[in-house]
Amino acid sequence: QLQLVESGGGLVQPGGSLRLSCAASGRALEHYSIGWFQKVLGKEREELACISSGGGGTNYADSVKGRFTISRDNAKNTVYLQMNSLKPEDTGVYYCAAKTGSNNCHYYDMDYWGKGTLVTVSS
């Protein structure tokens, strides 16, 4: 089965940048749409970014448009989330998840999840 491991989280100052990685093993990521989700206490997981299995289509939540970029490197079997201009509201646990043969990333319908990586934006 597909396994996903997030990395790259940490403590960053407002306005700073982080690059999160979602490394896959077991299966090739090229067959999956991949989403990045944020979990904040008291809220359900929010979809931040999604990239289609073909890699040509992406979509972003309004809150991160222009600041975050999702990308795929099939040769490395890894999906990235470049996060710029970080805000305190970006603090949370970030998860990547995969959906077989889809162009969408709904938190309730993803097939595989990583364990998450913590991002803390200080104020």
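Residues numbered from 1 in each chain as written. Predicted model: local features only at pLDDT ≥ 70, side-chain atom pairs only at ≥ 80, totals over all residues. Heavy atoms only, no water.

**A closer look at the nonpolar core**
Among the nonpolar cores identified, the biggest contains 27 residues, and Leu4, Trp36, Phe68, Val79, Leu81, Met83 and Tyr94 are the most heavily contacted of them. No other element matches strand E3 (residues 18-25), which puts four residues into this core. In terms of nonpolar packing, the next biggest core, distinct from the first, is built from five residues, Phe37, Cys50, Ala97 and Cys105 among them. (Core = buried A, V, L, I, M, F, W, Y, C linked by side-chain atoms within 4.5 Å. Buried < 20%, exposed > 50% of the residue type's maximum accessible area, 1.4 Å probe, protein only. Helix = DSSP H or I, 4+ residues; strand = E, 2+ residues; numbered from the N terminus.)

**A look at the packing of aromatic side chains**
Counted by the stated rule, this structure contains four aromatic pairs. Geometrically, the ring pair formed by phenylalanine 37 and tryptophan 113 is tilted, given 4.8 Å between the ring centres and 50° between the ring planes. Of this pair, phenylalanine 37 sits in strand E4 (residues 32-39) while tryptophan 113 sits in strand E10 (residues 112-113), and the two are 76 residues apart along the sequence. Note on tryptophan 113: relative accessible area 28%, which makes it partly exposed. Each ring, one from tyrosine 95 and one from tryptophan 113, has its centre 6.2 Å from the other, and the planes form 80°; the classification is edge-to-face. Of the two residues, tyrosine 95 sits in strand E9 (residues 92-100) while tryptophan 113 sits in strand E10, which places them 18 residues apart along the sequence. Of the residues examined, tyrosine 95 reaches a relative accessible area of 13% and is grouped as buried. Clustering of aromatic rings is evident, with ring pairs tying together Phe37, Tyr95 and Trp113. It is arginine 19 that lies over the ring of tyrosine 80; its NZ or CZ is 3.8 Å from the centre. Between arginine 45 and the ring centre of tryptophan 113, over which it is positioned, the NZ or CZ distance is 4.5 Å. (Phe/Tyr/Trp six-rings, centres within 6.5 Å; stacked < 30°, edge-to-face > 60°. Lys NZ or Arg CZ within 6 Å of the ring centre and 35° of its normal.)

**Some thoughts on the pairing of strand E5 (residues 46-51)**
Relative to E5, E4 is paired through five bridges, and the arrangement is antiparallel. Following the sheet pairing, isoleucine 34 is matched in E5 by isoleucine 51. What sits between E4 and E5 in their antiparallel hairpin is a turn of six residues, with glycine 42 showing a positive phi close to 85°. By the bridge criterion, three bridges tie E5 to strand E6 (residues 58-60) in an arrangement that is antiparallel. (Pairing = 2+ DSSP bridges.)

**Comments concerning the sheet that holds E3**
Overall, antiparallel pairing links the four strands, which are arranged E1-E3-E8-E7 in an open sheet. In this open sheet, the two edge strands, each paired with only one partner strand, are strand E1 (3-7) and strand E7 (68-73). Across the sheet, the mean angle separating the axes of adjacent strands is 15° when strand polarity is ignored. Where E7 lies against strand E8 (residues 78-83), six bridges are found, and the strand directions are antiparallel. Each bridged residue has a counterpart across the sheet, and for arginine 72 the counterpart in E8 is valine 79. (Axes fitted to C-alpha atoms, helices over the stretch in contact; angles between N-to-C directions.)

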